[in-house]
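Next come the chains, spelled out residue by residue.
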Amino acid sequence: MIEINNIAKSFQDKEVLKGISGTFDKGKCNLIIGSSGTGKSVLLKNIVGLIKPDQGSVLYDGRDFTHAGKEMQTEIRREIGMLFQGSALFDSKNVEQNVMFPLDVLTKMSKEEKIERVNFCLKRVGLENVNSKMPSEISGGMKKRVGIARAIVNKPNYLFCDEPNSGLDPQTSMVIDELINEITKEYDITTVVVTHDMNSVIEIGEKVMFLYKGNKLWEGTNEDITDSGVSELDDFVFANRMMKKFR
Amino acid sequence: MKSLGKFLLFTGQLFVRRESFSTYVSLVIDECIKVGYNSLFIVTIVSVFMGAVTTIQTAYNLVSPFIPDYVISLVVRDMTVLELAPTIIAIVYAGKVGSNIAGELGTMRITEQIDALEVMGINSTSYLVLPKIIASMLMYPMLVVLSGFLCIYGGYLTSLATGIISGHDYIYGIRYEFIEFNIAFALIKAFAFAFLVASISAYKGYFTTGGALEVGKSSTAAVTNSCIAILLADYLLAQLLLG
Ligand SMILES: Nc1ncnc2c1ncn2[C@@H]1O[C@H](COP(=O)(O)OP(=O)(O)OP(=O)(O)O)[C@@H](O)[C@H]1O
Ligand SMILES: [Mg+2]
């Protein structure tokens, strides 16, 4: 479980996050939703420590990450897997080397063990026989899968995904969402997914946090998102005509 | 001034929280190939022509019956060792390797590859930048030595081809009143320039923000700033060690 307490962050004089608290549960896909520019990515970066919050703290299973020393932070980070908005594969390395990378630098596994684990993970995300392809030679959806494989290869306890299905067609998005959900259940890890895709919310949103202009306006499940009573959330959920009709 | 402070902090970061030694060995070897081996072609071309042109121009300027022919090659030698090989090649090196380093790190920054390393708990500064600086400091002095040989050899070939000075005189001049310290001076310069080019370019690339356009700007800034730093360091070292 990850707990965030009163996280605030400003850039220059622009207040992006205005004190956000909440929890992300183990074994669930925890979603952070909100329209573009509300600070979702900034919140995620604060949680994983790529940005230091001005105020507040992040607890990983009770361990204070924000105020921990370098040693402790590194230790916690090694339990984190992350899928970036643009996949962030290393373009000088091929698919296999990309997925193997965390094992290379963080573990003392033998070459055979590493290859076995890499192939297992690639197979898990539905990719086979692409080991020697370079990132520039594969499609966006495949990159996301490789990104997921790389994120889970070192058996993380925490998985973060920043817009796992941006730039993908609805069908592929769904497959990626399902994959993330299955992995979460299978390994019983704490997964946090940032998204602005309503399909994802409906499919995998067991726990949803809604951000609006740097504030948390609502928290709940996908079941009761349609009758939250929060008008900003309704505007977000019923953004398109079909959804409006459905309402 | 503020960016100088940030630069110093950046170089300080290189030595904390490093990965295992063996990780670095293979990284450094990769970088050596990139900065050293891949620069061989341009360094060879520039050096040979520099030697040839210097020989012809020195000969052109020394048309006096009182000056013996071998002075030409002596001048070529001293110019090569003191300035042409370490400094001019450093400018070429900044253009090739500096822009390459800044472009690579800038791209890694804007595509979140550096963030990906950080999230894994890897010190991205030391992981990405330290091998580049070490490789640069290993390879650049070798390039300078090679360049020195080729430059002087280029002059020799020209003198044979044009007959402005006989091969015998040329070699006599090369050996005449040779000061060994000049070689050491050239190598000291080479180490300093290698460090400056790699660290300044890495700094420029590492702190890129924005998109592809900014990566281009970082590359350009890396080359210009490296060149200025090289010339300043050249002046300071000359004052310090020769003055
Ligand atoms: N490093 C930064 N410096 C200054 N401002 C920033 C920085 N990073 C983000 N911001 C600002 O913070 C705000 C929130 O950005 P963020 O990337 O979190 O949005 P988002 O909710 O992820 O949007 P999207 O859905 O489009 O990805 C934006 O207005 C952005 O301009
Ligand atoms: Mg975002």
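Calculation criteria
Residues numbered from 1 in each chain as written. Chains lettered and ligands numbered in written order. Predicted model: local features only at pLDDT ≥ 70, side-chain atom pairs only at ≥ 80, totals over all residues. Heavy atoms only, no water. Contact = heavy atoms within 4.5 Å. Buried area = accessible area lost by both parts, 1.4 Å probe. Salt bridge = Lys/Arg side-chain N within 4 Å of Asp/Glu carboxyl O. Polar contact = N/O pair within 3.5 Å; in protein donor to acceptor, adjacent residues only side chain to side chain. Near = heavy atom within 4 Å. Areas by Shrake-Rupley, 256 points an atom, 1.4 Å probe, with all protein chains shown as cover. Helix = DSSP H or I, 4+ residues; strand = E, 2+ residues; numbered from the N terminus. Nonpolar A, V, L, I, M, F, W, Y, C, P; charged D, E, K, R; others polar. Pairing = 2+ DSSP bridges. Axes fitted to C-alpha atoms, helices over the stretch in contact; angles between N-to-C directions. Phe/Tyr/Trp six-rings, centres within 6.5 Å; stacked < 30°, edge-to-face > 60°. Buried < 20%, exposed > 50% of the residue type's maximum accessible area, 1.4 Å probe, protein only. Lys NZ or Arg CZ within 6 Å of the ring centre and 35° of its normal. UniProt positions renumbered as here; feature names shortened; annotations may be inferred.

Peer 1: Describe the interface of chain B and chain A, with residues and values.
Peer 2: The figure often quoted for interface size is the accessible area lost as the parts come together. Contact with chain B, which involves 16 residues of that partner, is made by 22 residues of chain A. For the pairing of chain B and chain A, the buried interface totals around 1600 Å² over both sides, and the portion due to carbon and sulfur atoms is 60%. Run the count over chain B and chain A and you get 2 salt bridges. Between Arg77 of chain A and Glu118 of chain B there is a salt bridge, and its shortest N-O distance comes to 3.6 Å. Scanning the region where chain B abuts chain A turns up 4 residue pairs in polar contact (both at pLDDT 80 or more).

Peer 1: If you had to explain the site of ligand 1 to someone new, which residues and values would you point to?
Peer 2: Residue and element names in this part refer to chain A. Near ligand 1 lie 14 residues; those nearest to it are Lys14, Ser36, Gly37, Lys40 and Ser41. Gly37 is positioned such that a nitrogen or oxygen atom in its backbone is 2.8 Å from an oxygen atom of ligand 1. Taking Thr38, its main chain carries an N or O atom lying 3.3 Å from an oxygen atom of ligand 1. Protein burial of ligand 1: of its 640 Å² of free accessible surface, 64% is covered by the chains. Sort the elements by how many residues they give to the shell around ligand 1 and helix α1 (residues 40-48) lands first, with 3 residues. Grouping the amino acids of the shell around ligand 1 by side-chain chemistry returns 3 nonpolar, 8 polar and 3 charged.

Peer 1: Which residues make up the sheet that holds strand β10 (residues 215-220) of chain A, and what values go with them?
Peer 2: Residue and element names in this part refer to chain A. Within the open sheet, the 6 strands sit side by side as β6-β7-β8-β3-β9-β10. Their pairing is mixed. Each of the sheet's edge strands pairs with one partner strand only, and the pair in question is β6 (80-83) and β10. In this sheet, neighbouring strand axes are inclined to one another by 15° on average, regardless of whether the strands run parallel or antiparallel. Across 5 bridges, the pairing between strand β7 (residues 158-162) and strand β8 (residues 190-195) is parallel.

Peer 1: How would you explain the packing of aromatic side chains if you had to name every residue and give the values?
Peer 2: The tally for this structure, following the rule as stated, stands at 20 aromatic pairs over all chains. Aromatic side chains Tyr70 of chain B and Tyr176 of chain B sit 4.9 Å apart centroid to centroid with 50° between the ring planes, which places their arrangement in the tilted category. Residue Tyr70 of chain B is located in helix α4 (residues 70-110), and its partner Tyr176 of chain B is located in the loop between α7 (167-175) and α8 (180-206); the two are separated by 106 residues in the primary sequence. We classify Tyr176 of chain B as partly exposed; its relative accessible area is 28%. Arg150 of chain A extends its terminal NZ or CZ atom over the ring of Phe90 of chain A, reaching a point 4.7 Å from the ring centre. One residue, Lys6 of chain B, lies across the ring of Phe207 of chain B, its end atom 4.4 Å from the ring centre.

Peer 1: Summarise the sheet that holds strand β2 (residues 14-24) of chain A; cite the residues concerned and give the values.
Peer 2: Residues and elements named next belong to chain A. Ordered in space as β2-β1-β4-β5, the 4 strands form an open sheet in which the pairing is antiparallel. Unpaired on one side and paired on the other, β2 and β5 (63-64) mark the two borders of the sheet. Here 2 bridges tie strand β4 (residues 55-60) to β5, and the two strands are oriented antiparallel to one another. Its bridge partner being in β5, Tyr60 is matched across the sheet by Arg63. Strands in contact with α1 are β1 (2-11), β2 and β4; relative to β1, the strand with the most contacts, it is inclined by about 120°.

Peer 1: Can you lay out the UniProt feature "transmembrane region" (unreviewed entry) in chain B for me, pointing to particular residues and giving the numbers?
Peer 2: Residue and element names in this part refer to chain B. According to UniProt, the positions carrying the feature "transmembrane region" (unreviewed entry) are residues 42-63, 75-95, 133-157, 178-203 and 223-242. End C-alpha atoms of residues 75-95 are separated by 27 Å, and the span's content is 100% helix alongside 0% strand. Within the segment residues 178-203, helix and strand shares are 92% and 0% respectively, and the terminal C-alpha atoms sit 39 Å apart.

Peer 1: Describe the environment of Pro68 of chain B, and please don't skip the residues or the numbers.
Peer 2: Residue and element names in this part refer to chain B. On the secondary structure map, Pro68 appears in the loop between α3 (40-61) and α4. Owing to a relative accessible area of 35%, Pro68 belongs among the partly exposed residues under this scheme. In this structure, the C-alpha to C-alpha distance between Pro68 and Gly173, residues 105 residues apart in sequence, is 9.5 Å.

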